[in-house]
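Chain by chain, the residues run as shown.
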Amino acid sequence: MSSHELKSGPLEYRTEQGQMNILGFWIFLGAEIVLFATLFATYAVLFGRTADAPLPGELFEPGIVLIMTFMLLTSSFTCGIAIHEMRRGSVKGLTTWLIITLLLGLGFLGFEIYEFIHYAHEGATLQSSAFWSSFFVLAGTHGLHVTLGIGWAILLLLQLAKRGLTPVTSRKVFIISLYWHFLDVVWIFIFTSVYLIGMVV
């Protein structure tokens, strides 16, 4: 691997190693798209098969879902600002906006856990019906990814505090920003194809 380092351009792209790692992560996201496409397809096939369990329209609460959506989409915006601050060379700005992003992500997870507990109390669990199994697997897989992203970002914050902004840390921050934006896009599909349709049908 060449050690040649560019002197200009975004810090995360200045080394060949950084460019290859970012390319590799795009390929990883391609695999993630296949995973979620499979879960969405399963959910679509099992839609309506609620057996004796409650219907989704009886349990889905528009207010909570809108708050969750607002929090996650806002976190995507703050994540973008964090990358902007990183490219300005501001470690403080990057750290601040990354922490705000994590807090919004934690808020989203809190509401999702509340939502799942509420559904379970109303009789909708993983074992209730084929529909609810597919719902919990799809939404739960997304929630698990958000949880992993938060843990990953916390480790990056520790690295930033210790090592500062380097080609390596900037590359890692840029990659997790790609991951975070990807999760937001997946959520938009969950919001529209799961919650909105579930409330109407």
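Keep in mind the model is a prediction, meaning the values are calculated, not measured.

J.: Please explain the overall build of the protein chain as it appears in this structure.
T.: Looking only at helices and strands, the protein chain features six helices and zero strands. Along the protein chain, helices and strands appear, N-terminal first, in the series α-α-α-α-α-α. Looking at the protein chain as a whole, 44% of its 201 residues qualify as buried. Sequence separation of at least 24 residues holds for 78% of the intrachain contacts in the protein chain that already meet a minimum separation of 6.

J.: Explanation requested: the side chain of Asp 184 in the structure shown.
T.: Here Asp 184 shows up in helix H6 (residues 167–200). Arg 87 provides the closest opposite charge to the buried, salt-bridge-free Asp 184, at an N-O distance of 16 Å. Here Ser 76 takes part through its side chain, which lies 2.8 Å from a polar atom of the side chain of Asp 184. Setting aside its immediate chain neighbours within four residues, Asp 184 contacts Leu 72, Leu 73, Ser 75 and Ser 76.

J.: Would you take a moment to explain the packing of helix H1 (residues 16–46) against H6 for this structure?
T.: Think of two packed helices as two axes; the pair is described by the angle between the axes and how far apart they sit. Between H1 and H6, the shortest axis-to-axis distance is 10 Å and the interhelical angle comes to 15°. Regarding the angle of H1 to H6, the classification is roughly parallel. Relative to H6, H1 is oriented so that their crossing is right-handed. In this structure, H1 contributes Gln 17, Gly 18, Asn 21, Ile 22, Phe 25, Trp 26, Leu 29, Glu 32, Ile 33, Phe 36, Phe 40 and Tyr 43 to the contact, and H6 contributes Arg 171, Phe 174, Ile 175, Leu 178, Tyr 179, Phe 182, Val 186, Phe 189, Ile 190, Ser 193 and Val 194. When the residues that make up the contact of H1 with H6 are grouped by side-chain class, the tally is 17 nonpolar, four polar and two charged.

Criteria and thresholds
- Residues numbered from 1 in each chain as written.
- Predicted model: local features only at pLDDT ≥ 70, side-chain atom pairs only at ≥ 80, totals over all residues.
- Heavy atoms only, no water.
- Helix = DSSP H or I, 4+ residues; strand = E, 2+ residues; numbered from the N terminus.
- Buried < 20%, exposed > 50% of the residue type's maximum accessible area, 1.4 Å probe, protein only.
- Contact = heavy atoms within 4.5 Å.
- Lys, Arg positive; Asp, Glu negative; His and termini not counted.
- Salt bridge = Lys/Arg side-chain N within 4 Å of Asp/Glu carboxyl O.
- Polar contact = N/O pair within 3.5 Å; in protein donor to acceptor, adjacent residues only side chain to side chain.
- Axes fitted to C-alpha atoms, helices over the stretch in contact; angles between N-to-C directions.
- Parallel < 35°, antiparallel > 145°, perpendicular 65-115°, else oblique.
- Left-handed = near helix turned anticlockwise from the far one by under 90°.
- Nonpolar A, V, L, I, M, F, W, Y, C, P; charged D, E, K, R; others polar.

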